[in-house]
Amino acid sequence: MASRISDPEQPKISFSRISKQHVEEDNTREPLVGRDRLKETYSLSAAVLPFLFPALGGLLYGYDIGATSGATISLESASLSGTTWFNLNSLEIGLVVSGSLYGALFGSALAFAVADYIGRRRELIFSSAVYFFGSLLTALAPNFPVMVIGRLLFGMGIGLAMHSAPMYIAETSPSQIRGTLISLKEFFIVIGMLFGYVVGSLCVDFVAGWRYMYATASPICLVMGAGMWWLPPSPRWLLLCTVQGKNNISYVREIAISCLCRLRGQAIHDAASEEIDCILHELSHDHQGRQATIAEIFRGKYLKALIIGVGLLFFQQITGQPSVLYYAATILQSAGFSAASDATRVSVLLGVLKLASTGVAVLVVDRLGRRPLLIGGVSGIAFSLFLLSFYYTIFKDLPVAAVIALLLYVGCYQLSFGPIGWLMISEIFPLQIRGRGLSIAVLINFSTNALVAFAFSPLQELVGTGILFAGFGITALISLVFIFFFVPETKGLTLEEIESKIL
């Protein structure tokens, strides 16, 4: 018993069935949403802490984007690289820049296989360890192949963290502030990008400065891992394992109540058992707690959730987000901004705008809702893309139009697809397939990111920049239709209510 208490996440392969007094009280019970809604109580200080450490996974993702922009400059310099292998060709530089993306693809695929077994907390602990070893291996690399391995390893941490962090935050947050907390994860990604740009600008003139840039991430990895080790597991995941027959119900119910009290603070103490029982009630209703098969993921309500989640992250990237930012420096230079000659300053400028826009989304998402931000933001994205297209085809003498379009795109993206895409995928998948469903969505996200990044230059040469941005604009309009007809409003609903009312 002592070992079980020390590690409540360990699935016991005893397959003891749930006791009848907790699950089979009668066969005519209505789902949770058919009864009076349970008001979730929480202490704000206690509820914010379980968000902080998972969000560091997003900060590390953003930091890698920002630091790599400076690291490549340092790495290619004959005088500042500090290596004998500084003379890298374009393919090798591409591996440095995109190595983390390839690793993230592998991490997302790995999450599909292991997430529902090891749980959200352990996956975050594992991702922090992978982050740590990846950052150190990259920073201390004696040669180029070892550096690429380090980049792949760090990217694997990105894939695991971007999969598990939204789940853990969603499953442990009160519904009243769930949107705010998950949107704050995107805020942390942008903070990480800015931090990476700043560290890059400070270290770029040092000999072997790229090593310092990548090594700076390692202390953050340790803080993330220690914090997740201290935090309790997700009560919903514990109960799912129980309903699926992997643990004893009476023991795990008490553990889940204890975990929920730690996550919500003293304010929930008296209501914790009722909330846990409500989750159990929903899981056991109509035998929903059994493990869904691969085929079942692509049928019924699971398929509906998959279409919504995968669709949002697909359109998040296919509307040209990597390509528009790629053109940022060129657009600002054409408008005569002196700072545009310095890529780092341009990146910081856009980073501040992204931070401010994301901050607005964080403040209003739980009041306005998800759909208004998506519809309004994506409408602005479509307009800005067509304006960029007109600049490159018709308004070539009006660079201010391109600057307005660029700033509008960045601002609208951070109000909509940026935070809301990750928020929706953490909410929309039923608990039974949340781990696997979210891993599919994240895999599609990183795959589409890679597709857009690699296809941009060939398409640009084939059809021209103006036509290409018009194509992105048309894609944004299609995504707007998708959002209007397929994406539901989840504001204020518990995860169980989303499954019962919407799917």
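Here the structure is a predicted model, which means the values were calculated and not measured.

Undergrad: Even after reading the chapter, I still don't get the overall build of the protein chain, so can you show me in this structure?
TA: Along the backbone of the protein chain there are 23 helices and zero strands. Sequence-distant contacts, at least 24 apart, represent 84% of the contacts inside the protein chain between residues at least 6 apart. On the protein chain, roughly 19,600 Å² of surface is accessible, and the fraction owed to carbon and sulfur atoms is 67%.

Undergrad: Sorry, what's going on with the nonpolar core here?
TA: As a rule of thumb, soluble globular proteins bury nonpolar side chains together. With 122 residues, the main nonpolar core has Y131, L312, F417 and F429 as its most contacted residues. Residues in contact with L312, not counting those within four places in the same chain, are L374, F417, M424, F482, I483 and V487. Within the second largest apolar cluster, 14 residues are counted, among which are L239, L240, V243 and C261.

Undergrad: When you look at the pattern of salt bridges in this model, what are you seeing that I'm missing?
TA: Pairing is possible between side chains of opposite charge, provided their charged atoms come close. If you walk through the whole model with that rule in mind, you get 13 salt bridges. Residue R370 pairs with D366 through a salt bridge whose shortest N-O separation is 3.1 Å. We classify R370 as buried; its relative accessible area is 0%. Among the salt bridges present, the one from R370 reaches E427, with a minimum N-O distance of 2.5 Å. Residue R370 is found in helix 18 (residues 370–393), and its partner E427 is found in helix 20 (residues 417–428); the two are separated by 57 residues along the sequence. Both residues of the pair, R370 and E427, count as buried.

Undergrad: It is not clear to me how empty space enclosed by the protein should be interpreted in this structure. Could you clarify?
TA: The final tally for this structure, using the stated rule, is three cavities of 30 Å³ or more. In this structure, the second largest cavity encloses a volume near 80 Å³. Taken together, 11 residues form the lining of the second largest cavity, with E282, L283, L431, E496 and E499 sitting closest to its centre. Ranked by residue count, the leading element in the lining of the second largest cavity is helix 23 (residues 495–501), at four residues.

Undergrad: Teacher, can you tell me more about the packing of helix 14 (residues 300–318) against helix 22 (residues 465–486) here?
TA: For the pair helix 14 and helix 22, interaxial distance at closest approach is 10 Å and the crossing angle is 160°. When the axis of helix 14 is compared with that of helix 22, the two are roughly antiparallel. The two elements helix 14 and helix 22 meet at a crossing, and its hand is left-handed. Packed against helix 14, whose contacting residues are I307, I308, G311, L312, F315 and I318, the element helix 22 presents F472, T475, I478, S479, F482, I483 and F486 at the interface. Of the residues in the contact of helix 14 with helix 22, the class split is 10 nonpolar, three polar and no charged.

Undergrad: Sorry, what's going on with the state of the cysteines here?
TA: Working definition of a disulfide: a covalent bond connecting the sulfur atoms of two cysteines. In the structure shown here, the tally under the stated rule is zero disulfides. Between C259, a free cysteine, and C261, which holds the nearest cysteine sulfur, the sulfur-to-sulfur gap is 9.3 Å.

Undergrad: Teacher, can you tell me more about the packing of aromatic side chains here?
TA: Applying the stated criterion to the full structure yields 17 aromatic pairs. On the numbers, 5.9 Å between centres and 70° between planes, the contact of W85 with W210 is edge-to-face. With a gap of 125 residues between them, W85 in the loop between helix 3 (44–76) and helix 4 (90–118) and W210 in helix 8 (residues 209–215) connect regions that are remote in the sequence. Classification of W85 by relative accessible area gives buried; the value is 16%. Here F132 and F133 contribute two aromatic rings whose centre-to-centre distance is 5.5 Å and whose plane-to-plane angle is 70°, an arrangement assigned as edge-to-face. The class for F133 is exposed, based on a relative accessible area of 52%. K185 extends its terminal NZ or CZ atom over the ring of W422, reaching a point 4.7 Å from the ring centre.

Undergrad: Any chance you could explain the environment of I297 here in plain terms?
TA: Inspection of the secondary structure assignment puts I297 in helix 13 (residues 294–297). C-alpha separation for the pair I297 and I433, spaced 136 residues apart in sequence, amounts to 7.2 Å. Filtering out sequence-adjacent residues up to four positions away, I297 remains in contact with Y302, L303, L306, I433 and R436.

Undergrad: Please explain helix 12 (residues 272–284) as it appears in this structure.
TA: Since the α-helix turns once every 3.6 residues, residues separated by three or four places project in the same direction. With 13 residues, helix 12 ought to run about 18 Å at 1.5 Å a step, and its terminal C-alpha atoms sit 18 Å apart, in line with that. Counting buried residues in helix 12 gives 10 out of 13 residues, a clear majority hidden from the surface. Those residues of helix 12 that sit buried are A272, E275, I276, C278, I279, L280, H281, E282, L283 and S284.

Undergrad: Got a minute to help me understand the side chain of T83 in this structure?
TA: Counting through the fold element by element, T83 comes out in the loop between helix 3 and helix 4. Take T83: its relative accessible area is 11%, and that puts it in the buried class. Here the side chain of T83 touches S81 through a polar contact of 2.7 Å, side chain to side chain. A polar contact of 3.4 Å, which involves the side chain of T83, links it to the backbone nitrogen of F86. Those residues in contact with T83, other than ones at most four positions away along the chain, are W210 and R211.

Undergrad: Would you take a moment to explain the environment of M224 for this structure?
TA: Position of M224 relative to the elements: it lies in helix 9 (residues 217–230). M224 gets classed as buried once you look at its relative accessible area, which sits at 0%. Distance in space between the C-alpha atoms of M224 and S128 is 6.2 Å, their sequence separation being 96 residues. With residues near it in sequence (within four places) discarded, M224 still touches F53, L56, G57, L60, L124, S127, S128, Y131 and A161.

Undergrad: Please explain helix 11 (residues 249–264) as it appears in this structure.
TA: Over its 16 residues, helix 11 extends 22 Å from the first C-alpha to the last, a length consistent with the 22 Å expected when each residue adds 1.5 Å. Most of helix 11 sits inside the fold, with 12 of its 16 residues counted as buried. Along helix 11, the residues classified as buried are I249, Y251, V252, R253, I255, A256, I257, C259, L260, C261, L263 and R264. G265 sits one or two residues past helix 11 and shows a positive phi near 85°.

Conventions used here
- Residues numbered from 1 in each chain as written.
- Predicted model: local features only at pLDDT ≥ 70, side-chain atom pairs only at ≥ 80, totals over all residues.
- Heavy atoms only, no water.
- Helix = DSSP H or I, 4+ residues; strand = E, 2+ residues; numbered from the N terminus.
- Contact = heavy atoms within 4.5 Å.
- Areas by Shrake-Rupley, 256 points an atom, 1.4 Å probe, with all protein chains shown as cover.
- Core = buried A, V, L, I, M, F, W, Y, C linked by side-chain atoms within 4.5 Å.
- Buried < 20%, exposed > 50% of the residue type's maximum accessible area, 1.4 Å probe, protein only.
- Salt bridge = Lys/Arg side-chain N within 4 Å of Asp/Glu carboxyl O.
- 1 Å grid on protein atoms, 1.4 Å probe; cavity = no way out; pocket = protein on both sides within 12 Å on 5 of 7 lines; lining within 4 Å.
- Points joined across faces, edges and corners; volume = space filled by probe spheres on them.
- Axes fitted to C-alpha atoms, helices over the stretch in contact; angles between N-to-C directions.
- Parallel < 35°, antiparallel > 145°, perpendicular 65-115°, else oblique.
- Left-handed = near helix turned anticlockwise from the far one by under 90°.
- Nonpolar A, V, L, I, M, F, W, Y, C, P; charged D, E, K, R; others polar.
- Disulfide = S-S within 2.5 Å.
- Phe/Tyr/Trp six-rings, centres within 6.5 Å; stacked < 30°, edge-to-face > 60°.
- Lys NZ or Arg CZ within 6 Å of the ring centre and 35° of its normal.
- Expected span 1.5 Å × (residues − 1).
- Polar contact = N/O pair within 3.5 Å; in protein donor to acceptor, adjacent residues only side chain to side chain.

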